[in-house]
Amino acid sequence: MMKRKILALLLCVSMCVGLTACGSGQESVVTEAEPEETEVSEEEPAETGETEEEAPEEVESLMGYNMIENGDFSNGTGKWNTYFNGGNAVITVDEEGRLKVQITTLGTKDHSVQLYYDGFALETGCVYELSFDAAATVERDIEYRIQINGGDYHAYTGEGITVTPETQHYDFTFTMEEGSDPAPRLCFNMGLYGNTDENIGAHDVTFDNFELYCIDESNRALPQAAMDTPDIQINQLGYRPEDEKIAVFRGDEIDSAFTVVDAKTGETVFEGTLADAVSNKNTRENESAGDFSELKTPGTYKVVGEKCGESYEFTIGEDVYDDAFDAAVKMLYMQRCGMELTEEYAGDFAHPACHSEGAVVHGSTSSALVDVSGGWHDAGDYGRYVVSGAKAVADVLLAYESYPEAFGDDAGIPESGNGTPDILDEAKYELDWLLKMQDQATGGVYHKVTCANFPETVMPEEETDQLILSPISNCATGDFAAVMAMAARVYKDIDSDYADTCMAAALKAVEYLESSESGDGFVNPEEIVTGEYPDKKDTDERFWAYAELFKTTKEAKYEEALTEMPFLSIQGGLGWEKVGFYGGYAYLTSEYTDKEYAATVVDKINYSIDGIMESAGADTYSCSISETYPWGSNMSIANNGMLLLMMDEINGNDEYENLAKSQLNYLFGNNATSYCFLTGFGSLSPEHTHHRPSQVLDQSMPGMLAGGADSNLEDPYAKATMSGTAPAKCYVDNAQSFSCNEVTVYWNSPLIYLMAAFK
Ligand code: G3I
Ligand code: 9MR
Ligand code: ZN
């Protein structure tokens, strides 16, 4: 029964338009376009004439096999999972070999208890039959659905059923009317659904013999054509006249020479040659880099090769980053929580004040509400997390300290024109919130404030569940102390009272840390399932706090405290988890007295820089990470650029600046996905970000840096569509893919730093 029949459907992929490809390109991307009414036939397709034809493809039949693996539970619970939103249950396989869902809490929503199965696909025009057996210890209503797994979670098919103590067989037939979905979810809502008695108490629902068959594929639509992207990559925002300019060519056959042409006149303005192609393990493509740095004349151009086609257009000019920089900074304002965003400043993304209700303290017997309003929404979710928020604020404060001339007072935020650089007004919005996250009694800082669950795809003011302060953590407290000490330095000449407030808060936080045992990591309390930002080591956060306190106050006791911590054992990094290099940089730029210690700091950071250079040297795009692209890889890449610039200050190495610039080139399009990862900029940029306001308004907010390639495939959509894909190409512009296509304030912030340096 599991045997797949090859139908040898001859399909003409007739939708390829545009450039003559070198044969590679982007993974196929499912769009929500209307399905084409096409008869599947075994005959030769008619000539379309309009486009280049490719060899007919053999398409596997969808019929004749059960799309649910292990539907009889002979191999345990397998790929079946539960999702809770206020309810609770446990799944096991019972003595009779059925899947048993032991429901203990019903919750208040239909999906408060959900059983689900991912890992199949539905194709437009096909007819499917779903069947299963179900029973319950107490008669009740449940709902089965096959739904889109993200956004509005609308059902492709589904209905309510009444399950009874006597096992019943259910059988449903449906046609996939919408665009093909490579990653839908089959689920059963078993919370407070239909006429189920809310006082039903603990009960079991059992399932068995799941079958999902395609029973008719005669109206199966043609597969969507793979998206055609150029085989010559460039920075789509362009280059400043003096920048190094490298285009990356790819394909089975690569040109040996190329030209750069004026985009308007077609006139050749530069001729270059290409070395033999090399294969790149990150992209699994053959590539060659073409250098056209000598072209410095401002203008709009394309890179052209006979075999590889054309690049997207780009500009050479002094101001190529100006608009993108403004938008990347403005994104922070757009993420503001707890105040109304007016149309004047936020345009379509205007919304009333959100999340202003006050939060309860997790585990506290008191139901008193704490005011923790304000700050930036972390990301596509509306959580506000201290460790990631501290990273974001640190980056922009460092950017301001190193490149103050990059920031003006006219960013188009409510504080513009008040005489203070807007970036400091913006950072203060987050710092004000951070101050509220400190427990006044102990000085400890709550790890985060979120609801118990991630919100639906709604605007922020529509997330109205109870806000909860998750427990105090050492990591949050250490990061808090560090950025408050930093703020005390940066705001000293601008608002000395505020600087004093920040310093007092930093000292209180350090007092807490000194009385708290090292090593307590943060894990989510059981009923809170929002972003965890787990971190098992707090020594790097402690180190960073001492380093910033020392840099700001110059007091010997902080230098003594930090030099007692061997830097070699401190987790290096500029992330939300590993923050040691913020501390190292603070020490190296302070009035330190321990030269030997400083030397070990330099050595350790230089060792990381060596790794960055090695990775970049082995990658045609000079991308500074290799082999594994983690969740938020664009942050890692931007962080590496930032670290190079920081260490350029210390080591004075010209190569660093150039390599940092290459990281920016990668982010703006010189990468194997062909995407400029900053929304709203470049020729091809993310349009379907996992960002709730963008999803609700059906337009990606401009100025957001998407997470980028994640070779760990960390969401169902990514798993379903990119298994086996080369690491650097594990990116999909789909809102369901939260591990590739979400955005965060702390991914924008290192980008802001990088761009500030190159303005
Ligand atoms: O620890 C391993 C490391 O050893 C390995 O080298 C590296 C590369 O594969 O992976 C590391 O773990 C990853 C970790 O991030 C640290 O980079 C995990 O696989 C990965 O799952 C984890 O992803 C985090 C994700 O939350 C899930 O926890 C992202 O960094 C983090 O940015 C993201 O943050 C979410 C918030 O929870 C909620 N708000 C939105 C935000 C962005 O998506
Ligand atoms: O939307 C959530 C996103 O903001 C988080 O970064 C991500 C990782 O924790 O989780 C997303 O929420 C998903 C959840 O983890 C699993 N169920 C589907 C949710 C969103 O579509
Ligand atoms: Zn909010």
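Owing to the predicted nature of the structure, the values given are computational and were not obtained by experimental measurement.

What follows covers the overall build of the protein. Scanning the protein for helices and strands turns up 16 helices and 25 strands. Computed over C-alpha atoms, the radius of gyration of the protein comes to 28 Å, within 12% of the 27 Å expected from 2.2 N^0.38 for 759 residues, which places it in the range of a compact globule. The dimensions of the protein, computed from C-alpha atoms along their principal axes, are 75 × 75 × 50 Å. Sorting the 759 residues of the protein into buried and exposed places 57% on the buried side. Considering only intrachain contacts with a sequence separation of at least 6, the fraction spanning at least 24 residues in the protein is 73%. For the protein, the exposed surface amounts to about 30300 Å²; the carbon and sulfur share of it is 46%. In the protein, 44 positive and 135 negative side-chain charges are present, and the distance between their average locations comes to 6 Å.

So, about the site of ligand 2. In the vicinity of ligand 2, the contacting residues are Y153, D381, F454, W631, H690, R692, F738 and E742. Residue Y153 places a side-chain N or O atom 2.8 Å away from an oxygen atom belonging to ligand 2. At 2.8 Å from an oxygen atom of ligand 2 is found a side-chain nitrogen or oxygen belonging to R692. A total of 440 Å² of accessible area belongs to ligand 2 in isolation, and the protein chains cover 72% of it. Considering only residue class, the shell around ligand 2 consists of 4 nonpolar, 1 polar and 3 charged.

A few words on the packing of helix α1 (residues 322-334) against helix α16 (residues 745-757). Relative to each other, α1 and α16 sit at 145°, their axes nearing to 9 Å. Both α1 and α16 take part in a crossing whose hand is left-handed. Packed against α1, whose contacting residues are A324, F325, A328, V329, M331 and L332, the element α16 presents V745, N748, L751, I752, M755 and A756 at the interface. Its residues assigned to classes, the contact of α1 with α16 shows 11 nonpolar, 1 polar and no charged.

All right, on to the site of ligand 1 then. In the vicinity of ligand 1 lie 17 residues, with D378, N712, E714, E742 and Y746 positioned nearest. Measuring from an oxygen atom of ligand 1, one finds a side-chain N or O atom of W631 at 3.1 Å. One of the side-chain nitrogen or oxygen atoms of E742 is found 2.7 Å away from an oxygen atom of ligand 1. Looking at side-chain class alone, the shell around ligand 1 contains 8 nonpolar, 4 polar and 5 charged residues.

Before going further, it helps to examine the packing of aromatic side chains. A complete count under the given rule lists 44 aromatic pairs for this structure. Put simply, the rings of F73, W80, Y117, F120, F132, Y144, Y170, F172, F188, F207 and F210 pair up and form one aromatic cluster. Against the face of Y429 rests R336, its NZ or CZ located 4.5 Å from the ring centre.

Let's shift gears to the domain arrangement of the protein. We note that the domain assignment places domain 1 (80-216) and domain 2 (322-758) within the protein. Once you take the C-alpha centre of each, domain 1 and domain 2 turn out to be 39 Å apart. Facing the 14 residues of domain 1 at the interface are 10 residues of domain 2. Of all residues in domain 1, G151, P182 and A183 bury the most surface against domain 2, accounting for 40% of the area lost on that side.

Either a parallel or an antiparallel arrangement is found when strands of a sheet pair, and the pairing is made through backbone hydrogen bonds. Spatially, β22-β25-β24-β23 is the arrangement adopted by the 4 strands of the open sheet, whose pairing is mixed. This sheet does not close on itself; its edge strands, each paired only once, are β22 (359-361) and β23 (384-385). By the bridge criterion, 3 bridges tie β22 to strand β25 (residues 467-469) in an arrangement that is parallel. Within β25, the residue paired with A359 across the bridge is L467.

The next point concerns the side chain of E143. Residue position: E143 is located in strand β8 (residues 140-147). What makes E143 buried here is its relative accessible area of 11%. Beyond its immediate chain neighbours, meaning those up to four positions away, E143 contacts D110, E159, G160, C187, F188, N189 and Y193.

Glancing now at empty space enclosed by the protein. In this structure the tally under the stated criterion is 3 cavities of 30 Å³ or more. The calculated volume of the largest cavity comes to roughly 70 Å³. If you trace the largest cavity, you find it lined by M334, Q335, L341, F349, H351, H377, Y382, M459, P460, H691, P693 and M701. By residue class, the composition of the lining of the largest cavity is 8 nonpolar, 4 polar and no charged. Within this model, the second largest cavity holds a volume of roughly 40 Å³. Lining of the second largest cavity is provided by D381, Y382, G383, Y385, T450, C451, N453, F454, P455, E463 and T530. A per-class count over the lining of the second largest cavity returns 5 nonpolar, 4 polar and 2 charged.

Take the confidence of the model for the protein next. Residues of the protein with pLDDT of at least 70 account for 92%, and the chain-wide mean is 92. Across residues 1-55, confidence stays below pLDDT 50; counting only partners more than four residues off in sequence or on other chains, it has 105 contacts.

All of the protein donors around the zinc ion (ligand 3) are C337 (SG), C354 (SG), H355 (ND1) and H377 (NE2); their distances to the metal are 2.0 to 2.3 Å. Geometry at the zinc ion (ligand 3) is tetrahedral, judged from the 4 donor atoms that bind it and their angles of 101 to 118° at the metal. Mapping the donors of the zinc ion (ligand 3) onto the primary sequence gives the spacing C-x16-C-H-x21-H. Taken together, the residues span a long stretch of sequence, with H355 in the loop between α2 (343-346) and β22 and H377 in the loop between β22 and β23 at a distance of 22 residues. The two residues H355 and H377 agree in class, both being buried.

The next subject is the sheet that holds strand β10 (residues 168-175). Strand order in the open sheet made by the 5 strands is β4-β5-β12-β7-β10, with antiparallel pairing throughout. The open sheet has two free edges, formed respectively by β4 (88-93) and β10, since each of these has just one partner strand. Neighbour to neighbour, the strand axes of the sheet diverge by 25° on average, direction disregarded. Where β4 meets strand β5 (residues 99-105), 6 bridges bridge the pair, whose relative direction is antiparallel. Across the sheet, residue I91 finds its bridge partner in β5, namely V101.

This part takes up the pairing of strand β12 (residues 203-216). With 10 of 14 residues buried, β12 lies mostly within the body of the structure. In this structure, β5 lies alongside β12, joined through 5 bridges in antiparallel fashion. When the sheet's bridge partners are listed, L99 is paired in β12 with F207. Across 9 bridges, the pairing between strand β7 (residues 127-136) and β12 is antiparallel. Residue pairing in the sheet places A136 in a bridge with V205 of β12.

Definitions and cut-offs
Residues numbered from 1 in each chain as written. Chains lettered and ligands numbered in written order. Predicted model: local features only at pLDDT ≥ 70, side-chain atom pairs only at ≥ 80, totals over all residues. Heavy atoms only, no water. Helix = DSSP H or I, 4+ residues; strand = E, 2+ residues; numbered from the N terminus. Rg over C-alpha atoms; globule rule 2.2 N^0.38 Å. Buried < 20%, exposed > 50% of the residue type's maximum accessible area, 1.4 Å probe, protein only. Contact = heavy atoms within 4.5 Å. Areas by Shrake-Rupley, 256 points an atom, 1.4 Å probe, with all protein chains shown as cover. Lys, Arg positive; Asp, Glu negative; His and termini not counted. Charge placed at Lys NZ, Arg CZ, Asp CG, Glu CD. Near = heavy atom within 4 Å. Polar contact = N/O pair within 3.5 Å; in protein donor to acceptor, adjacent residues only side chain to side chain. Nonpolar A, V, L, I, M, F, W, Y, C, P; charged D, E, K, R; others polar. Axes fitted to C-alpha atoms, helices over the stretch in contact; angles between N-to-C directions. Left-handed = near helix turned anticlockwise from the far one by under 90°. Phe/Tyr/Trp six-rings, centres within 6.5 Å; stacked < 30°, edge-to-face > 60°. Lys NZ or Arg CZ within 6 Å of the ring centre and 35° of its normal. Domains from an automatic or database assignment. Buried area = accessible area lost by both parts, 1.4 Å probe. Pairing = 2+ DSSP bridges. 1 Å grid on protein atoms, 1.4 Å probe; cavity = no way out; pocket = protein on both sides within 12 Å on 5 of 7 lines; lining within 4 Å. Points joined across faces, edges and corners; volume = space filled by probe spheres on them. pLDDT = per-residue confidence, 0-100. Donors = N, O, S within 2.8 Å, 3.2 Å for Na, K, Ca; no water. Tetrahedral: all angles 85-135°; square planar, octahedral: opposite > 155°, others 65-115°.

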